[in-house]
Amino acid sequence: MRSRFVSHAIILTLVATLGLTGCKNFHWPWQKSHPSDQGGAPGEPPPLTGNGIENGTRPIVTGELPHGQFAPVYFDFDSARVKPSEVSKIEAVASWMKSNSSAKLVVEGHCDERGTAEYNRALGERRAGAAREELVRMGVEAERITTISYGKDRPADPGHDEASWAKNRRCEFSAIKE
Amino acid sequence: MRRFIIRVLAGLIVLCNSATAQSQVTVSKNFVKRPFAVTGFTGDPTVAGQLTDVLKSDANLSGCLKVVPSAEAEFVQQGNVRGDRSGLTVECIVTQQTTKKTVLSKSYPGSAQDLRRLGHAISDDIVKAITGQRGIAQTKIAFVWTHGRVKELATMDYDGYNIRELTYDKSISVHPRWSPDGKKIIYTSYLSVFPDMIEADLYTHQRKRLASFPGLNSGADFSPDGSKIALTLSKDGNPELYTMDAVGGGFQRLTHTRGAESSPTWSPDGQSIAYVSDDRGSPQIYLMSRDGGEPTRLTVSPSYNTEPSWSHPPPDSDMKPMIAVTSRVGGRFQIGLYDSGTHEVRPVVDDDADNEDPSWAPDGRHLVFSKMRQWRTRLYLLDVVTGEQVELPAIEGGASEPSWGP
């Protein structure tokens, strides 16, 4: 008698809870939530650029920016964090910039094709800004480095799979000797 | 006991499924489509035929009319075409069957070369006469036209006809937005190598660079009175929200965060700006006064909300102002409407495709967005009152980032 009462009470509580919280928040156990529902990189602090480090003035560029001198730096999905594995590539750029003190640098930020167009321009700019922040920390003068974000509009790889996307989430570096 | 549990669980399943069913916005009494018959025009049969097609197509796209045979119609259109192909006069009359009242009787001058424009003008008058609401048949949409690695700007009629390229730069031009008077388009161009914010005058074909700071100059959007532009600049280190005078200069910084702000959209009264910030990790929609100050967070879930577009319905409209957004849920992109009462985003376009970049029509009822399936992107119209989507003709190479003109 008593156990029946307890079972009924449990069920009624379940129903009441669902009614109050709303069905749309309820996930049946077999409904897997997609990893990107967590926001890709939740709670990741933004890079420190923006605390008064003005962007460097634009160098004079005719035609396309020169690519290929430095290795691109790659990023995780939804992230503008410079990974420890990528730091040595930025060190190579910093080292060259310190040896070529009259040169200016353009850092490009790019995203993969997922994600909305204008937000990807902002995310690409944060990636370029993060690389720039590292370079400044390594001793390159901030005013010698400027950023360009292309968002998802200039992929390195036109493919539509994880391997292609990983190649597109990047920063590229172009040195301009004026 | 077991049977009892099964019955309760079954009841719960039914409850949950029915609770998520409603996604329509029933804010307008025009939700009931008025039955309308298009009997056409006497006179030149070719002209009459083309005009009739435009009238029927516009009536279907309006969302507030249902094209039916005369016997079933509440309102009936008739008309005649006079003159020759270079100088036409088209007369259009609409009568209410029950009362025999004439709700529209008007003459339209035109030529055989601009029959669609003429038909659209008639259609807007028909919608106004029958429903009292503002029509969209004469409006245009600007968009980004992808040709391989090149992105140019183009405009088209709201129904997908009459595509005109706006830029021929063989570069990347993105994020077009119209001035409230429809005479100018502001956008971001990489023609100089760097992303500059450009204003193009559609009549004089003159272009001027309005913002060319180091870093991003992007996301530009005109205020409703046309006097200001809100935009994203990263000249001070990372992408922040600024306003400037539409005539040039007068830059004022609104946000100061370590995250990236982007995608401003103005409120109908021009006093506030909704925008995207990822300052707390993933992008959400925030609100800021046009004069700056403390931001207010609008959206909390889903975990990715971007590309806000704030509708500006006419003052006498049945529609309330709304903010449409692009949300990412389960790896897919949806169009949602933000509810300022519950702070929730209610999906209105939610399918197996990627739906992005909503832009409101000036009636505050329709919006245009891009839908991508199998990496092909085309533009769609949505009527938020009926929930109906209309696919616009496919554009070779892809069309994206649409902006609905005034």
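Quick caveat: nothing in here was measured; it's all calculated off a predicted structure.

Here we come to the overall build of chain B. When helices and strands are tallied, chain B shows three helices and 29 strands. Computed over its C-alpha atoms, the radius of gyration of chain B comes to 23 Å, within 12% of the 22 Å expected for a compact globule of 406 residues. For the C-alpha atoms alone, the extent of chain B along its principal axes is close to 80 × 65 × 40 Å. Within chain B, the fraction of its 406 residues that count as buried is 48%.

Tallying secondary structure elements over chain A gives four helices and four strands in all. For chain A, the sequential pattern of α-helices and β-strands runs α-β-α-β-α-β-α-β. Split into buried and exposed, the 178 residues of chain A put 39% on the buried side. A sequence separation of at least 24 residues applies to 78% of the contacts in chain A between residues at least 6 apart.

The next point concerns helix α2 (residues 87–99) of chain A. An α-helical turn contains 3.6 residues, so any two residues separated by three or four positions project in the same direction. Residues and elements named next belong to chain A. Between its first and last C-alpha, α2 extends 19 Å over 13 residues, near the 18 Å set by a 1.5 Å rise per residue. Among the residues of α2, those classed as buried are Ile90, Val93 and Met97. For α2, the angular spread of the buried residues around the axis is 55°, confining them to a single face. Residues Ser88 and Ser99 are exposed on α2 and point more than 90 degrees away from its buried face. Where α2 is buried, its residues touch β1 (73–74), β2 (103–110), α3 (117–137) and β4 (170–177).

What follows deals with the domain arrangement of chain B. All names here are of chain B. Taken domain by domain, chain B consists of domain 1 (29–131) and domain 2 (140–404). Between the C-alpha centres of domain 1 and domain 2 there is a distance of 33 Å. Opposite the seven residues of domain 1 that make contact, domain 2 presents 13 residues.

Moving on, we get to the packing of helix α2 (residues 45–62) of chain B against helix α3 (residues 115–131) of chain B. All names here are of chain B. With their axes 9 Å apart at the nearest point, α2 and α3 run at an angle of 45° to one another. If you check the angle between α2 and α3, you find them oblique. Regarding α2 and α3, the two cross each other, and that crossing is right-handed. Taken together, the residues of α3 that come into contact with α2 (itself represented by Val47, Gln50, Leu51, Val54, Leu55, Asp58, Ala59 and Ser62) are Leu115, Arg116, Leu118, Gly119, His120, Ile122, Ser123 and Val127. Residues belonging to the contact of α2 with α3 are distributed by class as follows: nine nonpolar, five polar and two charged.

Residues and elements named next belong to chain A. The end-to-end C-alpha separation of α3 is 30 Å, in line with the 30 Å expected for 21 residues at 1.5 Å each. Taken across its 21 residues, α3 has 19 buried, putting it largely inside the fold. Immediately beyond the C-terminal end of α3, within one or two residues, lies Gly139, with a positive phi of roughly 110°.

The next point concerns the pairing of strand β14 (residues 228–233) of chain B. Residues and elements named next belong to chain B. Taken across its six residues, β14 has six buried, putting it largely inside the fold. What you see with β14 is no split at all: Lys228, Ala230 and Thr232 on one side and Ile229, Leu231 and Leu233 on the other are buried throughout. Following strand β13 (residues 217–222), the chain reverses through five residues before pairing antiparallel with β14; Gly226 in that reversal takes a positive phi of roughly 75°. Here six bridges tie β14 to strand β15 (residues 240–245), and the two strands are oriented antiparallel to one another. Counterpart to Lys228 in the pairing with β15 is Asp245.

A few words on the confidence of the model for chain B. Residues and elements named next belong to chain B. The predicted model of chain B has a mean per-residue pLDDT of 93, with 93% of residues at 70 or higher. Across residues 14–28 the pLDDT falls below 50, and counting only partners more than four positions away or on other chains, this stretch makes 26 contacts in the model. Scoring the predicted complex yields pTM 0.87 and, for the interface, ipTM 0.90.

Next up on the list: the sheet that holds strand β11 (residues 196–201) of chain B. All names here are of chain B. Spatial ordering of the open sheet is given by β9-β10-β11-β12, a layout of four strands whose pairing is antiparallel. Each end of this open sheet is capped by a strand with a single partner; those strands are β9 (173–178) and β12 (207–211). Neighbour-to-neighbour, the strand axes of this sheet turn through a mean angle of 30°, independent of strand direction. Relative to strand β10 (residues 184–189), β9 runs antiparallel, the two sharing four bridges. Paired with Ser173 across the strands is Ser189, a residue of β10.

Its location among the elements puts Asn100 of chain A in the loop between α2 and β2. Counting along the chain gives 77 residues from Asn100 of chain A to Lys177 of chain A, while the straight-line C-alpha distance between them is 8.6 Å.

A few words now on the nonpolar core. By size, the foremost hydrophobic cluster in this structure holds 93 residues, and its most contacted members are Ala131 of chain A together with Ile186 of chain B. Top contributing element to this core by residue count: α3 of chain A, with eight residues. Not counting residues up to four positions away in its chain, the partners in contact with Ile186 of chain B are Arg177, Met197, Ile198, Glu199, Leu210, Ala220, Phe222 and Ile229 of chain B.

A separate point is the sheet that holds strand β6 (residues 140–147) of chain B. Residues and elements named next belong to chain B. Reading across from one edge, β8-β7-β6-β29 is the order of the four strands in this open sheet, with antiparallel pairing throughout. Two strands bound the open sheet, and with one partner strand each, they are β8 (164–165) and β29 (399–404). Bridge count between β6 and β29: four bridges; the pairing is antiparallel. Considered in β29, the bridge of Ile141 is made with Trp404.

Residues and elements named next belong to chain A. As a packed pair, α2 and α3 sit with axes 9 Å apart at the nearest point and diverge in direction by 60°. Relative to α3, the element α2 lies oblique. Crossing of α2 against α3: the hand is right-handed. Contacts from Val87, Ile90, Val93 and Ala94 in α2 reach Ala131, Glu134 and Leu135 in α3. Class assignment for the residues of the contact of α2 with α3 results in six nonpolar, no polar and one charged.

About the thresholds
Each chain has its residues counted from 1, running along the sequence as written. Throughout, the order in which chains and ligands are written sets their labels, letters from A for the former and numbers from 1 for the latter. Whole-chain, interface and lining totals are the exception, using all residues; otherwise, since this is a predicted model, local features are given only for residues with pLDDT of at least 70 and side-chain atom pairs are given and counted only at 80 or more. Strands are runs of DSSP state E lasting at least 2 residues, helices are runs of H or I lasting at least 4, and numbering of each runs from the N terminus. When we talk radius of gyration, it's over C-alpha atoms, and the globule rule is simply 2.2 Å times the number of residues to the 0.38. Neighbour counting defines burial: a residue surrounded by 20 or more other C-beta atoms within 10 Å of its own C-beta is buried, one with 12 or fewer is exposed, and intermediate counts give partly exposed, using backbone-placed C-beta atoms. Residues are defined as contacting one another if the C-beta atoms placed from their backbone atoms lie within 7 Å. To estimate the expected span of a helix, count its residues, drop one, and scale the result by 1.5 Å. The reported arc concerns the directions from the helix axis to the C-beta atoms and nothing else. Throughout the structure description, domain borders are defined by an automatic or database domain assignment. Lines fitted to the C-alpha atoms define the axes, with helices restricted to the stretch that makes contact. Angles between their N-to-C directions range from 0 to 180 degrees. Here the angle decides the label: under 35 degrees means roughly parallel, over 145 means roughly antiparallel, 65 to 115 means roughly perpendicular, and every other value means oblique. Handedness of a crossing is defined here by the sense of rotation of the near helix relative to the far one, left-handed for an anticlockwise turn of less than a right angle and right-handed for a clockwise turn. In this classification, the charged set is Asp, Glu, Lys and Arg, the nonpolar set is Ala, Val, Leu, Ile, Met, Phe, Trp, Tyr, Cys and Pro, and all remaining amino acids, among them Gly, are polar. Paired strands, as defined in this entry, are two strands with at least two bridges between them according to DSSP. pLDDT: the predictor's confidence for each residue, scored from 0 to 100. Here, a nonpolar core denotes buried Ala, Val, Leu, Ile, Met, Phe, Trp, Tyr and Cys residues that are linked to one another through C-beta atoms within 7 Å.

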